[in-house]
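# Results of the structural survey
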Amino acid sequence: MPVEFLSDEQAEAYGTFAEEPTRPELERFFFLDDVDRDLIALRRTEHHRLGFALQMWCVNCTSVSDHGAR
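### Points about the overall build of the protein chain
- Broken down by element type, the protein chain carries 4 helices and 0 strands.
- Along its sequence from the N terminus, the protein chain presents helices and strands in the succession α-α-α-α.
- Out of the 70 residues in the protein chain, the part that is buried amounts to 16%.
- At a minimum sequence separation of 6, the contacts of the protein chain that also span at least 24 residues come to 59%.
- Counting every atom, the protein chain has about 5,900 Å² of accessible surface; 59% of that belongs to carbon and sulfur.

### Describing the pattern of salt bridges
- Per the stated rule, a full pass over the model turns up 2 salt bridges.
- With its nearest N and O atoms 2.9 Å apart, the salt bridge here joins R23 to E27. Of this pair, R23 and E27 are both found in helix α2 (residues 23-30), 4 residues apart, which corresponds to roughly one turn of the helix.
- Residue class for R23 comes out exposed when judged on its relative accessible area of 65%.
- Among the ionic pairs, D34 bridges to R37, the shortest N-O distance being 2.4 Å. Here D34 and its partner R37 are both found in helix α3 (residues 34-41), 3 residues apart, which amounts to about one turn of the helix.
- When its relative accessible area of 44% is taken as the criterion, R37 is described as partly exposed.

### Some thoughts on a nonpolar patch on the surface
- A contiguous nonpolar surface patch, about 480 Å² in accessible area, is contributed by F17, L26, F30, F31 and W57.
- Relative to the helices and strands, F30 is located in helix α2.
- Since its relative accessible area comes to 33%, F30 is described here as partly exposed.

### Some points on the packing of aromatic side chains
- Inspection of the entire model under this criterion finds 0 aromatic pairs.
- The ring centre of F52 lies 3.9 Å from the NZ or CZ of R43, which sits over that ring.

### A word on the confidence of the model for the protein chain
- Counting all residues, the mean pLDDT for the protein chain is 80, and 81% of those residues have values of 70 or more.
- Long-range and interchain partners of residues 64-70, a stretch whose pLDDT sits below 50, account for 18 contacts in this model, where long-range means more than four residues apart.

So, how was this worked out
Every chain's residues receive numbers from 1 upward, in the order its sequence appears when written. Given that this is a predicted model, residues contribute local features only at a pLDDT of at least 70 and side-chain atom pairs are listed and counted only at 80 or more, while totals for whole chains, interfaces and linings are drawn from all residues. Side-chain numbers come from the whole structure's heavy atoms, not from hydrogens or water. Numbering of helices and strands starts at the N terminus; helices are DSSP runs of H or I of at least 4 residues and strands are runs of E of at least 2. Throughout this description, buried means an accessible area under 20% of the type-specific maximum (1.4 Å probe, protein chains only), exposed means over 50%, and partly exposed covers the range between. Any two residues whose heavy atoms approach within 4.5 Å are treated as being in contact. Each accessible area is a Shrake-Rupley result for a 1.4 Å probe, and residues are judged covered by the shown protein chains and nothing else. Salt bridge criterion: a side-chain nitrogen from Lys or Arg within 4 Å of a carboxyl oxygen from Asp or Glu. Within this analysis, patches are made of residues with over 30% relative accessible area and no salt bridge. Like charges are joined at 9 Å or less; nonpolar side chains (Val, Leu, Ile, Met, Phe, Trp, Tyr) at 5 Å or less. Geometry of aromatic contacts follows a simple scheme: Phe, Tyr and Trp rings, the Trp one being its six-membered ring, pair when their centres are within 6.5 Å, and the pair is stacked under 30 degrees between planes, edge-to-face over 60, tilted otherwise. Note on criteria: charge over ring means Lys NZ or Arg CZ within 6 Å of the ring centre, with the direction from the centre no more than 35 degrees off the ring normal. pLDDT gives the predictor's per-residue confidence on a scale running from 0 to 100.

Right under this line is the structure:
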């Protein structure tokens with residue numbers, strides 16, 4: 001991924017955690033809850049459900065470092 005627009009400090013920190021996430025944070029972002037599973041179940045085929053679940057996980061995974069709410 002191009003990182004020319006980032007400062008040297010930002011490029012160095014890219015893809016790392018600002019601080020070590022806690023176990024509850026990791027569980028929240030790496031496990032699907034009932035709401036997540038309900039959203040996934042609305043997809044038409046198994047392929048769509050898998051793709052949607054992976055996209056949901058990627059968004060959750062990348063937002064761990066921001067400590068943002070889902």
